[in-house]
Amino acid sequence: MTTVQRTDLRRPPAGRRWPDALRLGPADLLGPIGIASVGVVVFMWLRTGGPDTTLAGVDTAIGSLGLLSGLLAADLMLLQVVMLARIPAVERAWGHDVLANRHRQVGYWSFSLMVTHVVLFAVDRGTRDGASWATNLLDLFVRNSWYLLATLGTVMLIGVVATSIRWARRRLRYESWHLLHLYTYLGMGLAMPHQLADGMHFHGPIARAYWWTIYGIAVVTVLTFRVALPVGRSLHHRIRVAEVTQEAPGVVSVHVSGHRLDRLSTRSGQFFVWRFLDGPGWTRGNPYSISAAPGGDRLRVTIQVVGDASARAARLRPGTRVAIEGPYGAMTARRRRHDRLLFVAAGVGVAPLRALLEDTPYAPGDATLVYRYADDEHRLFREELRELADRRGLELHLLPGPRAADGAWRPAGDDRDDVAALSRLVPDVADRDVFVCGPGPWTRAVRRAALAAGARPGRLHSEDFGW
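Report follows, based on the coordinates. All residue numbers refer to position in the chain's written sequence, counted from 1. Side-chain atom pairs in this predicted model are given and counted only at pLDDT of 80 or more, local residue features only at pLDDT of at least 70, and totals for whole chains, interfaces and linings cover all residues. Only hydrogens and water are removed before side-chain values are computed, so all heavy atoms of the structure are retained for them.

**Quick word on the overall build of the protein**
Then step 1. In terms of regular secondary structure, the protein is built from 16 helices and eleven strands.
Then step 2. In the protein, the proportion of contacts linking residues at least 24 apart, taken out of those at least 6 apart, comes to 72%.
Then step 3. Computed with the Shrake-Rupley method and a 1.4 Å probe, the accessible areas treat only the protein chains shown as cover for residues. Within the structure as shown, the protein displays about 22600 Å² of accessible surface, and the carbon and sulfur contribution to it stands at 60%. Helix and strand definitions follow DSSP, with helices as H or I runs of at least four residues and strands as E runs of at least two, each counted in order from the N terminus. Residue contacts are defined here by distance: any two heavy atoms, one from each residue, within 4.5 Å place the two residues in contact.

**Considering helix α15 (residues 418–425)**
The periodicity of an α-helix, 3.6 residues per turn, causes residues three or four positions apart to be oriented the same way.
Then step 1. Taken residue by residue, α15 has Asp418, Ala421, Leu422 and Leu425 as its buried positions. Each buried residue of α15 sits inside an arc of 95° when the element is viewed along its axis, so together they form one side.
Then step 2. Polar contact is the term for a pair of N or O atoms within 3.5 Å; when the atoms are in protein, one must be able to donate a hydrogen and the other to accept it, and sequence-neighboring residues count only if both atoms are side-chain atoms. N-cap assignment for α15: the residue whose side-chain oxygen lies 3.2 Å from the backbone N of Val419 is Asp417. For every residue, the accessible area obtained with a 1.4 Å probe (protein chains only) is divided by the maximum for its type, and the residue is called buried under 20%, exposed over 50%, and partly exposed between those limits. It is the directions from the helix axis to the C-beta atoms that the arc portrays.

**Some words on helix α13 (residues 350–359)**
Then step 1. For α13, the tally of buried residues reaches ten of ten residues, placing the bulk of the element in the interior.
Then step 2. Along α13, the residues that are buried comprise Val350, Ala351, Pro352, Leu353, Arg354, Ala355, Leu356, Leu357, Glu358 and Asp359.
Then step 3. Residues of α13 that are buried sit in contact with β4 (286–289), β5 (298–304), β7 (341–346), β8 (367–373), α14 (382–392) and β10 (433–437).

**Focus on the side chain of Ser110**
Then step 1. In this structure, Ser110 sits in helix α5 (residues 96–126).
Then step 2. Non-local contacts of Ser110, meaning those with residues more than four positions away in its chain, are made with Ala73, Leu76, Met77 and Gln80.

**Examining the sheet that holds β5**
Then step 1. Here we have three strands laid out as an open sheet, ordered β1-β2-β5, and antiparallel in their pairing. The open sheet terminates on both sides in strands that have one partner only, identified here as β1 (240–248) and β5. The mean angle between the axes of side-by-side strands here comes to 20°, regardless of whether they run parallel or antiparallel.
Then step 2. Only when DSSP finds a minimum of two bridges between them are two strands counted as paired. Strand direction decides the pairing type here: β1 and strand β2 (residues 251–257), joined by seven bridges, are antiparallel. Bridging across to β2, Gln246 finds its partner in Val252. Where helices are involved, their axes are fitted lines through C-alpha atoms of the stretch in contact, as for all axes, and angles between N-to-C directions lie from 0 to 180°.

**Examining the nonpolar core**
Then step 1. In terms of nonpolar packing, the biggest core is built from 37 residues, with Leu30 and Trp211 touching the most fellow members.
Then step 2. Secondary structure elements with two or more residues in this core: α1 (30–47), α3 (58–83), α4 (88–94), α5, α10 (183–198) and α11 (205–237).
Then step 3. Of the residues forming this core, the biggest block, 13 residues, is contributed by α3.
Then step 4. Formed by 23 residues, the second largest nonpolar core is a distinct cluster that contains Ala248, Phe343, Tyr373 and Phe435. Side-chain atoms within 4.5 Å link the members of a nonpolar core, which is a set of buried Ala, Val, Leu, Ile, Met, Phe, Trp, Tyr and Cys residues.

Next up, the structure:
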């Protein structure tokens, strides 16, 4: 049994809190800075004869708009890199799922602009006098060494985007998708030389300073927060597997120990990207939430066996070294706005909520867990949840069985709709903070039901760090 070492279980301070939209911090500047960067790019294009060139004629307009689309594509690509550079302050403020969604949206805009850039330049160069269309395109995309690198980079980026479409991701293993996604950095690196060598918007002193600055920021953030910080933490904390326990069929908990893990400032509800250094494949990290309140020099993560990496976790031996990235995630008790709490979980999604239930301040009777699982054999943390109910006054609702229907959160056999089922279990849902964790479609169904039952959007907390 894991026991919490914290003794401060008081309620959060009473009083009116600032609305979410007004609670700003340094990390919230990322959005305005991104918008401003697009404005700077457009301004530089205008300052270098953009409108005059565009209005001069059809031929010059095609080339000028092709140039603008390329500049914007490059700027948005760099913004994408910074958004998912795993900057701790940004991750805590936005949450990984929000950042991933924004990253995806910006990525599709960047990709569309990149394709527009390529097509418009192909039309512009292909229609020039003096040579055939094929010869002009061959000169542009292949024979010029700088443009050849850009062509290779573009092909790589097209491959990354193609495998990021939802239906394609579902057909790939996480490990394969993650490896392919790393080609984004190589593709961007190959595209950069042609911009510096041939782009007039990179040659002026102000333009050079701007582009080298944003390229430098992107490189430094990636090297700092995706490489140096995780490597430094892993070496300093000397984390090793202490024990592996079976929780249910296909679900294991990995207990790790290390040096001064309390200095990681981990909060219940957060996750790490884990790399178990047990052999081939260790370089591909996987995100798993901690399932017990952090305390002392131990952490616990609960893993469902669904792929190669998670299957390896079940075979880990005590003493295996562990590399980590994190902690990440914003679904912590810091987000709460109310004294009373509702936790809704499905399957292994109960893991981060179980940690939150352990050390989040609440009075007896002020916290409720609604836990849905396939059958009694797959019920996780049986004794631990019972102990929390007895010790802390947790109200526990166990809902075994499959879902009632596609798009529903309630179990089969409940003839009420989703809203009525939730309201029956928790009549005062409108007066609670609601923490939800489970499969994506199921989580969205719970959120819809909670909102329809009166919950406020600012008091609904969930985080999806799936790929």
